[in-house]
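Geometric and topological summary
The chain contents come next:
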Amino acid sequence: MSLAIHYDSTFDGFLSAVFEIYRQHLDVSGFVAERSYETECEAATDLFAQPFHIETSEESARRLRRAIVNAASKDVLGLLETCFRSEDTNIEMNILAYLRKLFAGLDPNYGRNPSSLEMIPLITIARSVRREMDNMLGMVRFNKAPDGMYIAEIEPKYDILEMIIGHFRGRYPNGTWAIIDVKRGFGVYYENYRSHFVTVPDSSYLSAHAPPDEFTRMWKSYYDTMAIKERINPRLLRRCLPVRYWKHLPERSLPDSSLARIGAVPSQQLPSTVAKSIAFASLRLNVQR
Amino acid sequence: MDIRDKLNILGDAAKYDVSCSSSGSKRNSPKGGMGCGHSSGICHTWSADGRCISLLKVLFSNACKYDCAYCVNRRSNDIPRATFTPKELINLTLEFYRRNYIEGLFLSSAVIGTPDYTMELLIKVAKELRLIHHFGGYIHLKAIPGASSKLLFEAGLYADRSSVNIEIPSDRQLQYLAPEKNFASIYRPMNFLAERKLEYKADKSKYSPKFLPAGQSTQMIVGASGETDFQILTLSAGFYKQQQMKRVYFSGYVPINADKRLPVITTKPPLLREHRLYQADWLMRFYKFEYNEILDEKNPFLDPELDPKVMWALRHPECFPVDLQTADYEMILRVPGIGVRSAQLIVSGRRFSKIRLQHLKKMGVVLKRAKYFIYDCEVPRELHKLYPEMLRPLLIAGKSMNDQLDLFDTMPTALPAPAPQPKVAPLSVNS
């Protein structure tokens, strides 16, 4: 009977799983990543496969990384890691298929061939992950909290938060800011030139802490004036700026600027001192590493 | 007038400027400040007309002393006028930047007083942003035609990119539509900045300050005066070569002013023509085409039905079919349906294995177009025996078949429908 491999959804976990598959000669039909934000029924389960859990081992992950670098190159390892961030349902099997061919050793040049039938789909997946990462550099929207902290919520399709941190560290080196991946329930919190990963199971108190302010509304009305009405093109807009991002973009999600003008002050604002202590305390408590 | 009204008026006045790119400049965040330049540029959002917004694009003032026929801010128009103070504008830029709404500032202005006075105001904003607020983001400054060289040079020290818009692609038409301007007054600042940049490049060291790291750009209006596409492409090829422009933008003419010298105010903006011109521009910049290969004196207009790359392929049947295993990279780039990335993948992959149709499909090559132009054992031989005249309707039909078919529309067929039995023609449900 073939096995459905359960692992802890990290790349190291996946590499350890592959390591064990080779070591124990397992017959694999699929992978199940145990993600905190997915419930049991959401994760695709195969009725005819026997679940088999593999613990993450840093040692075996490290050995497999070295093996991939030796057989192919550092770039290929980076590409596989980028692909893995797509969290695609089939991505583990695709990578495994590539690794099997790579380690079979039938073609000594296989690791350098970018147009093999296993590699091309991985290249296209990595491309779309990088595209979302590049888009997200522009689509993170910070709101200013009364205490001077900037808070942004994002909801990317792929797990790209770690890839964009470096950019924002370089951009706001002196600030205090947090970017929270609402979908995956974790975020990064930057203060005093250091960033920390934090778990944020529920970010609603943070967004209430930093509501849209006057500059947000000015941005929205500026955005509305920039469109030339003779050229309006909703299809092009949706192609460039997919609807799934609109929720966290004030220029698309706030009500029309003419309406916003009337109700200038938002009502559900927490008293700033209380909110500040809640927000900071909870962020600090959740620091992981 | 509060700052919000000013922003709306001056943003509205600047929106007809096409350029909004933030690419070409790599800066690290200055010590004690914030902001960096990202060399490939970052789009922050797209407006409802599908144009990217990456910079805070505003005019410093829209109280212009000139009276150019095509411009929304001309002296004789009755519109609300506003002028920022430098402090307001700087504060707005920094606040927007902190919230990651924008990549930087695009600052232009109507001419108030003299060109020199206007230019000084623009420089003051850029200088304060860079020196007092240690701002490392992107700054695009317009060079005001007629400003002195000393000021232009100073602008280049603080800005990442500078631009002078030529607007109308021929000198005579320009002088007719904009009596205060001529080609010489527009070329002078362009050439000056291009020469200074070359000098800077020549003796560049690690410590020398940056001078216009992202170069220059310009823009011309399409469809306001009677130029041909060939004239437009010739002019832009000249800009790329002589003035070392990074980009030449095209802006389909949107009728704003009723003026007897311009097309009537009800004309629709020529969006398709603009799109084709951009495609031709892409061919020059990324596909190694020369401007006179895309168009010539005999065919001065781009084809609205087919893109310029396909048109070139149809005019040169002697170059096809291309064998992907052996052809040069430049030749593979010229195959319709193959883009830069696929071409690179083909060239690096063919050293290890033959490139077959299944590879091409996975790479994202548009086989619908490419199949007529490549040699492959799986492509039927008959496809290569087609004459350009026979190929053309096939390529056009292949394009429109993608759309949802209309129930009451007649089917677009490549061949003429059989005449004697009109009643059994497909989709004639209503008859």
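Computed from a predicted model, the values in this text were never measured in an experiment. (Residues numbered from 1 in each chain as written. Chains lettered and ligands numbered in written order. Predicted model: local features only at pLDDT ≥ 70, side-chain atom pairs only at ≥ 80, totals over all residues. Heavy atoms only, no water.)

**A short note on the overall build of chain A**
Selection criterion: Think of it this way: any DSSP run of H or I at least four residues long counts as a helix, any run of E at least two long counts as a strand, and we number them from the N terminus. Should any heavy atoms of two residues lie within 4.5 Å, those residues are considered in contact. Here, Shrake-Rupley sampling with a 1.4 Å probe gives the accessible areas, and only protein chains in the shown set may cover a residue.
Helix and strand counts for chain A stand at 12 helices and 8 strands. Nonlocal contacts in chain A, meaning residues at least 24 apart in sequence, comprise 71% of its contacts between residues at least 6 apart. Per element, the accessible surface of chain A, about 14,200 Å² overall, is 53% carbon and sulfur.

**Some words on the overall build of chain B**
For clarity, the cut-off: Exposed residues in this analysis have more than 50% of their type's maximum accessible area, buried residues have under 20%, and partly exposed residues fall in between, with area computed by a 1.4 Å probe over protein chains only.
In terms of regular secondary structure, chain B is built from 15 helices and 10 strands. The buried share of chain B, taken over its 431 residues, is 53%. Put simply, of all contacts in chain B between residues at least 6 apart along the chain, 66% involve residues at least 24 apart. When the accessible area of chain B is evaluated, it comes to approximately 19,900 Å², of which 56% is carbon and sulfur surface.

**Considerations on the packing of helix α5 (residues 119–139) of chain A against helix α6 (residues 161–171) of chain A**
All names here are of chain A. Short version of the rule: Lines fitted to the C-alpha atoms define the axes, with helices restricted to the stretch that makes contact. Angles between their N-to-C directions range from 0 to 180 degrees. In this scheme the handedness of a crossing depends on how the near helix is turned from the far one: anticlockwise by less than a right angle means left-handed, clockwise means right-handed.
Interhelical geometry of α5 versus α6 gives an angle of 35° and a closest axis separation of 10 Å. Once α5 is placed against α6, the crossing between them reads as right-handed. Where α5 abuts α6, its residues Val129, Met133, Met136 and Leu137 lie against Met163, Ile164, His167 and Phe168.

**Overview of helix α8 (residues 271–286) of chain B**
The α-helix winds at 3.6 residues per turn, so residues separated by three or four positions along the chain end up facing the same way. Residue and element names in this part refer to chain B. Short version of the rule: Helix span, as expected, comes to 1.5 Å for every residue beyond the first.
Taking 1.5 Å of rise per residue, 16 residues should cover 22 Å, and α8 covers 22 Å from first to last C-alpha, within 8% of that figure. Buried within α8 are the following residues: Glu274, Arg276, Leu277, Tyr278, Ala280, Asp281, Leu283 and Met284. At the exit of α8 stands Lys288, carrying a positive phi of roughly 60°.

**Digging into the sheet that holds strand β8 (residues 194–199) of chain A**
Strand pairing in a sheet relies on backbone hydrogen bonds. The paired strands run either parallel or antiparallel. Residue and element names in this part refer to chain A. We count it as follows: For two strands to pair, DSSP has to find at least two bridges joining them.
Pairing is mixed across the open sheet formed by 5 strands, whose spatial order is β4-β5-β6-β7-β8. Across the chains shown, the open sheet's two edge strands, defined by having one partner strand only, are β4 (142–144) and β8. In this sheet, neighbouring strand axes are inclined to one another by 20° on average, regardless of whether the strands run parallel or antiparallel. Here strand β6 (residues 177–181) runs beside strand β7 (residues 186–191); their pairing, made up of 5 bridges, is antiparallel. Bridging from a neighbouring strand, Trp177 pairs with Tyr190 of β7.

**Comments concerning the nonpolar core**
So the rule is basically this: To form a nonpolar core, buried Ala, Val, Leu, Ile, Met, Phe, Trp, Tyr and Cys residues must be joined to one another through side-chain atoms within 4.5 Å.
If you look at the biggest cluster of nonpolar residues, it comprises 193 residues, and the most contacted ones within it are Tyr98(A), Ile164(A), Phe96(B) and Leu360(B). Per-element tally for this core: the top contributor is α5(A), with 11 residues. Ignoring anything within four residues of it in the chain, the contact list for Ile164(A) reads Met133(A), Met136(A), Leu137(A), Val140(A) and Ile154(A). One finds Met149(A), Ala178(A), Ile180(A) and Ala210(A) within the second-largest nonpolar core, a separate group that totals 10 residues.

**Brief notes about unusual backbone geometry**
Leaving glycine aside, a negative phi is the common case for residues, and trans is the common case for peptide bonds. With an omega of -5°, the peptide bond between Phe320(B) and Pro321(B) qualifies as cis. Examined against the element boundaries, Pro321(B) turns out to sit in the loop between α10 (308–315) and β9 (322–323). Its identity is not glycine, yet Ser9(A) carries a phi of approximately 70°, on the positive side. On the basis of relative accessible area, Ser9(A) is assigned to the partly exposed category, the value being 22%. Located in the positive-phi region is Lys288(B), a residue other than glycine, with phi close to 60°.

**Quick look at the confidence of the model for chain A**
Inclusion rule: Per-residue confidence from the predictor is reported as pLDDT, which spans 0 to 100.
In this model, chain A carries a mean pLDDT of 85, and residues with pLDDT of at least 70 account for 85%. When the criterion is pLDDT under 50, residues 258–277 of chain A qualifies, and its contacts beyond four places in sequence or with other chains add up to 16 contacts.

**Some thoughts on the sheet that holds strand β3 (residues 50–53) of chain A**
Residue and element names in this part refer to chain A. Strand order in the open sheet formed by 3 strands is β2-β1-β3, and the pairing between neighbours is parallel. Only two strands of the sheet have a single neighbouring strand rather than two, namely β2 (28–33) and β3. The average undirected angle you get between the axes of adjacent strands in this sheet is 30°. In terms of strand pairing, strand β1 (residues 3–7) meets β2 through 5 bridges, oriented parallel. Along β2, the bridge assignment pairs Ala4 with Gly30.

**Let's talk about the pairing of strand β5 (residues 150–154) of chain A**
All names here are of chain A. Rules: With the strands aimed away from the viewer, a crossover counts as right-handed if its path from the first strand over the helix to the second runs clockwise.
With 5 of 5 residues buried, β5 is to be regarded as a mostly interior element. Burial of the side chains of β5 extends over both faces: Tyr150, Ala152 and Ile154 are buried on one face and Ile151 and Glu153 on the other. The antiparallel pairing of β4 with β5 creates a hairpin that spans 5 residues between the two strands, and Gly148 there sits at a positive phi of about 95°. Pairing of β5 with β6 involves 5 bridges; the strand directions are parallel. The residue of β6 that forms the bridge with Glu153 is Ile180. Handedness of the crossover is the feature at issue here: the chain leaves β5, passes through α6, returns alongside β6, and the resulting connection is right-handed.

**Re the interface of chain A and chain B**
Put simply, the rule reads: Two parts placed together each lose some accessible area; with a 1.4 Å probe, that loss summed over both constitutes the buried area. Salt bridge, as used here: a side-chain nitrogen of Lys or Arg that lies within 4 Å of a carboxyl oxygen of Asp or Glu. Gly is put with the polar residues, along with every residue not named as nonpolar or charged; the nonpolar set is Ala, Val, Leu, Ile, Met, Phe, Trp, Tyr, Cys and Pro, and the charged set is Asp, Glu, Lys and Arg.
In this assembly, 54 residues from chain A lie in contact with 60 residues from chain B. Carbon and sulfur atoms make up 59% of the area that chain A and chain B hide from each other, which totals about 5,300 Å². Looking at the side of chain A facing chain B, the largest losses of area belong to Arg171(A), Tyr222(A) and Arg231(A), adding up to 15% of the total buried there. In this structure, Arg4(B) engages Glu214(A) in a salt bridge whose closest nitrogen and oxygen atoms are separated by 3.5 Å. With 11 residues, the top contributor of residues to the side of chain A that touches chain B is helix α8 (residues 214–226) of chain A. Partitioned by chemical class, the residues of the side of chain A that touches chain B number 28 nonpolar, 14 polar and 12 charged.

**Observations concerning the pattern of salt bridges**
Residues and elements named next belong to chain B. In this structure the tally under the stated criterion is 39 salt bridges over all chains. For Glu330, the salt bridge goes to Lys288, with nearest N and O atoms at 3.4 Å. Taken as a pair, Glu330 in helix α11 (residues 329–333) and Lys288 in the loop between α8 and α9 (291–294) lie far apart in primary sequence, 42 residues in all. Residue class for Glu330 comes out partly exposed when judged on its relative accessible area of 37%. Using a relative accessible area of 47% as the deciding quantity, one classes Lys288 as partly exposed.

**Thoughts on the confidence of the model for chain B**
The predicted model of chain B averages 88 in pLDDT, with 92% of residues at 70 or higher. Note that residues 421–431 of chain B has pLDDT below 50 and, in this model, 9 contacts with residues that lie over four places away or in other chains.

**Brief notes about the packing of aromatic side chains**
In plain terms, the rule: Working definition: a ring pair exists when centres of Phe, Tyr or Trp rings (six-membered ring for Trp) sit within 6.5 Å. Plane angles under 30 degrees give stacked, over 60 give edge-to-face, the rest tilted.
All told, the structure shown has 32 aromatic pairs over all chains when counted by the stated rule. Ring centres of Trp177(A) and Tyr190(A) lie 4.7 Å apart, and the angle between their planes is 10°; on these two criteria the pair is classed as stacked. Of the two residues, Trp177(A) sits in strand β6 while Tyr190(A) sits in strand β7, which places them 13 residues apart along the sequence. A residue is classified by how much of its surface remains accessible, and Trp177(A), at 2% relative accessible area, is buried. Residue Tyr190(A) is classed as buried on the basis of its relative accessible area, which comes to 2%. Cluster of aromatic residues (ring-pair linked, three or more members): Phe142(A), Phe168(A), Tyr172(A), Trp177(A), Tyr190(A), Tyr97(B) and Phe135(B).

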